[in-house]
Each structure stands twice: as structure tokens, then as C-alpha cells.
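Overview (structure and organization)
These are the residues of each chain, in order.
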Amino acid sequence: MASATPVALRKPEPAPGTVPRPADPAAPDAAAGVTVTDPAMVKRAVKAAALGNAMEWFDFGVYSYIAVTLGKVFFPSGNPTAQLLSTFGAFAAAFLIRPLGGMVFGPLGDRVGRQKVLALTMIMMAAGTFAIGLIPSYASIGVGAPVLLLLARLVQGFSTGGEYAGAATFIAEYAPDKKRGFLGSWLEFGTLAGYIGGAGLVTLMTALLSSDDLLSWGWRIPFLIAGPMGLIGLYLRMRLEETPAFAAELEKAHKDEQTRSKVRLRDMVTGQWKALLLCMGLVLVFNVTDYMLLSYMPSYLTSELEYDETHGLLVILGVMALMMCVQPFMGALTDRVGRRPVIAAGCAGFLVLSVPALLLIRDGSLWAIGLGLGALGLLLVCFTASMPSALPALFPTKVRYGSLSIGFNISVSIFGGTTPLVVTALIGATGDKMMPAYYMMAAAVVGGIAVWHMTESARKPLPGSLPAVERQA
């Protein structure tokens, strides 16, 4: 199997398989070697990483769109509102445990390797989702049903804590420097594809099945699909070798057997606190705007603007399809002009256009809603296309997986996952239905501060790694 192998030039004669590195001010040392990446292996790495992210958001889309049915299946009847709140409570529990998963899987990925940990998170995600499809209803086993649902959600959340950071790290460490933005953008392409797949499947089932069939057995189908999807993802991940950057770090550690054991959780936090703050700021604007558009807006259209629920969901799915079309091109753009300008443009866009876009959405006509949501979706692509390559570049190789997992999941849990709840509460407290726009603007300010202080990483080696170039045919 072809692989991407880190190599270094030595004098007086180079090691086999190396190529001289051209003079480049972005590279660390003119006498150093380069990592030569195999395009076929890189493509497999991108597919394997993106599939895991797609699976996570497939579950997210299914759970969100079928929440009312799940409430009837797993919780006592009599109060539909209480059923729905209980269902979303189990959903939110997964966000609360994500940082714990990040603190376990991230450091583990820096010790034993990215590939092994990503295979483990894939197994756990698939098992948690598949298990939901097998849980008996409340009518069958009583209180055991919601307890089992909560346990399955906790397994999902725990594994997800190590998934995104690991997948982003995996792609970033495999990718050649000049294509890292383009290749990383496919990770969020998987996010959008998974969400559309999950939501679209539930919408199709709702249209084809009667309410009784959906309630008795139909709701299980989307969750049971996770089993085969997980096996495919596991197969793809098991075929991969360790990333070149981690392999090189491991080789250095062999010279001192104590080196790797000294990298502790404390080193990943206190030793990287500036990078962690930047990471949390970038993730804040990324996830607040993401959850605002993809998770909260359907509810906002229905509950606050009394828009037809089905049409609102279809408009959101259309916006996500538009984002998928733009995503790879925006990722390639970050390789040409840099991550910072693209992220800064997204922050500036949300700061200036959030109010006009929400005013269009509140107009209520289909064209105005589509235009407003479309504008927000295109601005969001500035983040979805940039972050998978920008975030891993904040940290050195020896702590990259762990530090990124910690910073990413803490920020998502505190700011991203709470966005629908906080905005709903703010609207209730103030009566101002423009609150979503103000919240996105505040997030844009935080993101702007973070991007002002970050260092440009496009076309440069990852910290602690050799320059990476693509093997020529």
C-alpha cells in the first residue's frame, strides 16, 4: 500500500526517497527535508475522515427532524410539550459530555496515534446511533426506555468529543501544504451531506408512512442505517496508515523513551493557553452562526414567524445544498488568498448583514426568506471552508489532537450547542425578534478579535512538522 512517509535530507548524502526542498521563507530550514504525500492515500484519508463527520451530522439531522415522534416513543404520554422537552434534553446531554470525550480521546490520539483513535470513535458513534434503533418503547419497558436513550446519547456525545478535532487533524497532517484548505473543506462537506441525508430521509419517511407506522416501527430505520455506515467508515479508516506528521513525531520520541509520556493533559492546556483562546474564539463564531442557521432557524420560522414547518425545513435544506456546492471552491480559495482574509470576510459579513438578512427572513415571503437564509449560508461557508485547516495549524504536532479537542469541544458545548436555547430565552425576555441577528453580530466581533491575533497558515508547514509536498506522477 502506498503511503505518505516523512523523510529528512542528511548530509553528505540524502536519505532515500527524499527530495530537496526549494528555498522558501515559509519553511523552517533550508537544509531540512520534506514530507512527500501520495495523492491516492490523501484522498482515502479525506474520505475516511469526512464520512465520520457525515455520520455524526446524519444522526443530528435525524434526531432533530424526528424529535416529536421520539418524544412519543420514549416518554410518558399526556403532555406533548414535556415529551419534546425530554427528547431535546437527552439530545443536549450529548453536548455536555463532549468536552469529557475530547479530554480522553484527544490526548490518547497524541499518544497512540490518530488512526487508532478515529477508528475507535467511529465504532462508538455507530454503536450509539444503532442502539437507539433497538431500544424498546416506553410502553414496553417503562422508565427503562428513556434511561437507555440517554445512555446511547451519552455514548454518541463522548465519542463525538474526539471525532471532529481528530478528523481535522488527520486531514491536515496528510494534506500537502498548498492544498490543505481545499482538502480540509471536504470535512464540512461531509457535515452538510450527513445533515441533508438524515433530514431528507426523515422527510421522505414522513411523506410515505402513516403516522401509526412511523410511530410503531418507521422511526427506527434511520438509526439502524448507522450500523452499515459505521462498518464502511471503520473499513476506510482501518485501511489508512498513521499520518506522516505523527509518524515523524513518534520517530523522534523513540530517541527518548520518556518524551511521549511527558505530554500530559496539563501540557495541552497551560502550555497552549494562547492558542486555546484563539481556537475557542474561532470556534465560537463558527458554531454560533452554524447552529443559528442550521438548527435554530427552522424553529424560528415556525414558532416566531408562524411559517409553515415543512416549507421552512425545505428552505433550510436548499440553503445547505447551496453551501455544499460552494464549499470546495471556497476551500481552494483559502489556499490562494489565505485563511485569515476568508475568515475575516465572514466575520465582517455577519456583522454588517445579519440585520438585513433577518429583516428579509421576517418578510415572510418565500423569495425573501430564501434570499436572507442564502446570504447567511454563504457567509457561513467562509468558516466551514476555513476552520478544518486553520484550527489544526494553531497547535504543534505533539499536542495537536489533544489541545484542539479540548478547545473545540469546550467552545461548542458552551456557545454553539446552547445557541438555540439562549436566543429563545433572549427573545422571551426582551420580546425582540431581531435577537438572532444581534447574537450573530456579537459572535462576529469575538471571531474578528480572534482572527486579528491568529497567524496565517496557508501554504505553510504545520507547526512542528516538515513541509509537505505532493508526489508527482
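To keep things clear, this report deals only with the structure shown in the data block. Here the structure is a predicted model, which is why all the values come from computation and not from measurement. (Residues numbered from 1 in each chain as written. Predicted model: local features only at pLDDT ≥ 70, side-chain atom pairs only at ≥ 80, totals over all residues. Heavy atoms only, no water.)

1. Points about the overall build of the protein
Helices and strands together make up the secondary structure of the protein, namely 21 helices and three strands. Within the protein, buried positions represent 55% of all 473 residues. Taking the contacts inside the protein whose residues are at least 6 apart along the sequence as the reference set, 84% of them involve residues at least 24 apart. (Helix = DSSP H or I, 4+ residues; strand = E, 2+ residues; numbered from the N terminus. Buried < 20%, exposed > 50% of the residue type's maximum accessible area, 1.4 Å probe, protein only. Contact = heavy atoms within 4.5 Å.)

2. Digging into a nonpolar patch on the surface
A cluster of nonpolar side chains, namely Tyr-138, Ile-141, Val-143, Val-147, Leu-148 and Leu-151, defines an oily patch on the protein surface of about 500 Å² accessible area. Mapped onto the nonpolar patch, the elements with two or more residues apiece are helix H5 (138–141) and helix H6 (144–160). Considering every element that reaches the nonpolar patch, the biggest residue donor is H6, with three residues. Tracing the backbone shows Val-147 in helix H6. Owing to a relative accessible area of 43%, Val-147 belongs among the partly exposed residues under this scheme. (Patch = residues over 30% accessible without salt bridge, like charges linked within 9 Å, V, L, I, M, F, W, Y side chains within 5 Å. Areas by Shrake-Rupley, 256 points an atom, 1.4 Å probe, with all protein chains shown as cover. Salt bridge = Lys/Arg side-chain N within 4 Å of Asp/Glu carboxyl O.)

3. Describing the packing of aromatic side chains
For any pair of aromatic rings, the description consists of the separation of the ring centres together with the inter-plane angle of the planes. Evaluated as defined, the whole model comprises 11 aromatic pairs. Centroid distance Trp-219 to Phe-223: 6.2 Å. Interplanar angle 70°. Geometry classified as edge-to-face. Phe-223 shares its class with Trp-219; the two are buried. Counting every residue linked through ring pairs, the aromatic cluster contains Trp-57, Tyr-195 and Tyr-291. (Phe/Tyr/Trp six-rings, centres within 6.5 Å; stacked < 30°, edge-to-face > 60°.)

4. Thoughts on the environment of Gly-417
Relative to the elements of secondary structure, Gly-417 occurs in the loop between helix H19 (400–416) and helix H20 (419–430). Classification of Gly-417 by relative accessible area gives partly exposed; the value is 26%. Residues within four places of Gly-417 in sequence aside, it is in contact with Phe-95, Tyr-291 and Val-412.

5. Some thoughts on the packing of helix H16 (residues 339–363) against helix H21 (residues 435–453)
Here H16 crosses H21 at 165°, and the two axes come no closer than 9 Å. Taken together, the axis directions place H16 and H21 in an arrangement best described as roughly antiparallel. Viewed along their axes, H16 and H21 form a crossing whose handedness is left-handed. Residues Arg-340, Ile-343, Ala-344, Cys-347, Phe-350, Leu-351, Ser-354, Val-355 and Leu-358 of H16 touch H21, and the partners they reach there are Pro-436, Ala-437, Tyr-438, Met-440, Met-441, Ala-444, Val-445, Gly-447, Gly-448, Val-451 and Trp-452. For the contact of H16 with H21, the class distribution of residues is 16 nonpolar, three polar and one charged. (Axes fitted to C-alpha atoms, helices over the stretch in contact; angles between N-to-C directions. Parallel < 35°, antiparallel > 145°, perpendicular 65-115°, else oblique. Left-handed = near helix turned anticlockwise from the far one by under 90°. Nonpolar A, V, L, I, M, F, W, Y, C, P; charged D, E, K, R; others polar.)

6. Brief notes about the pattern of salt bridges
According to the stated counting rule, one finds eight salt bridges in the structure shown. The partner of Asp-59 in a salt bridge is Arg-153, with the nearest N and O atoms 3.0 Å apart. In this pair, Asp-59 sits in helix H1 (residues 39–65) while Arg-153 sits in helix H6, placing the two residues 94 residues apart along the sequence. Side by side, Asp-59 and Arg-153 carry an identical accessibility label, which is buried. Note that Arg-400 and Glu-173 form a salt bridge whose closest N and O atoms lie 2.6 Å from each other. Within this pair, whereas Arg-400 is found in helix H19, its partner Glu-173 is found in helix H7 (residues 163–174), the two being separated by 227 residues in sequence. Residue Arg-400 is classed as buried on the basis of its relative accessible area, which comes to 0%. Look at the salt bridges and you will find they share partners, linking Asp-110, Arg-114, Glu-173 and Arg-400 into a network.

7. Details of the side chain of Thr-397
Mapping Thr-397 onto the fold places it in the loop between helix H18 (387–390) and H19. Classification of Thr-397 by relative accessible area gives buried; the value is 1%. Among the polar contacts made by the side chain of Thr-397, one reaches the side chain of Ser-465 at a distance of 2.8 Å. Non-local contacts of Thr-397, meaning those with residues more than four positions away in its chain, are made with Asp-110, Arg-114, Glu-173, Ala-245, Phe-246, Glu-249, Pro-463, Gly-464 and Ser-465. (Polar contact = N/O pair within 3.5 Å; in protein donor to acceptor, adjacent residues only side chain to side chain.)

8. Concerning the nonpolar core
In terms of nonpolar packing, the biggest core is built from 120 residues, with Leu-373 and Phe-383 touching the most fellow members. Looking at which element gives the most residues to this core, the answer is helix H14 (residues 273–304), with 18 residues. Excluding anything up to four places from it in sequence, Leu-373 contacts Leu-293, Met-297, Leu-301, Val-315, Ile-316, Val-319 and Ile-361. (Core = buried A, V, L, I, M, F, W, Y, C linked by side-chain atoms within 4.5 Å.)

9. Brief notes about the side chain of Glu-456
Mapped onto the secondary structure, Glu-456 falls in the loop between H21 and strand E3 (468–470). No salt bridge is formed by the buried Glu-456; its nearest oppositely charged neighbour, Arg-339, is found at 4.8 Å. Here Arg-340 takes part through its backbone nitrogen, which lies 3.1 Å from a polar atom of the side chain of Glu-456. (Lys, Arg positive; Asp, Glu negative; His and termini not counted.)

10. Details of the packing of H1 against H6
At a minimum axis distance of 11 Å, the contact between H1 and H6 shows a crossing angle of 145°. Here H1 runs over H6; the crossing is left-handed. When H1 is examined against H6, the residues Glu-56, Asp-59 and Tyr-63 are found in contact with a partner set consisting of Leu-149, Arg-153, Gln-156 and Thr-160. Grouping the amino acids of the contact of H1 with H6 by side-chain chemistry returns two nonpolar, two polar and three charged.

11. Let's talk about the state of the cysteines
Within this structure, the stated rule accounts for zero disulfides. Looking at Cys-347, it has no disulfide partner, and the nearest cysteine sulfur is the one in Cys-382, 8.8 Å off. (Disulfide = S-S within 2.5 Å.)

12. What to know about unusual backbone geometry
Phi at Arg-459 takes a positive value of approximately 65°, unusual for a residue other than glycine. Locating Arg-459 in the fold gives a position in the loop between H21 and E3. Its relative accessible area of 38% is what places Arg-459 among the partly exposed residues.

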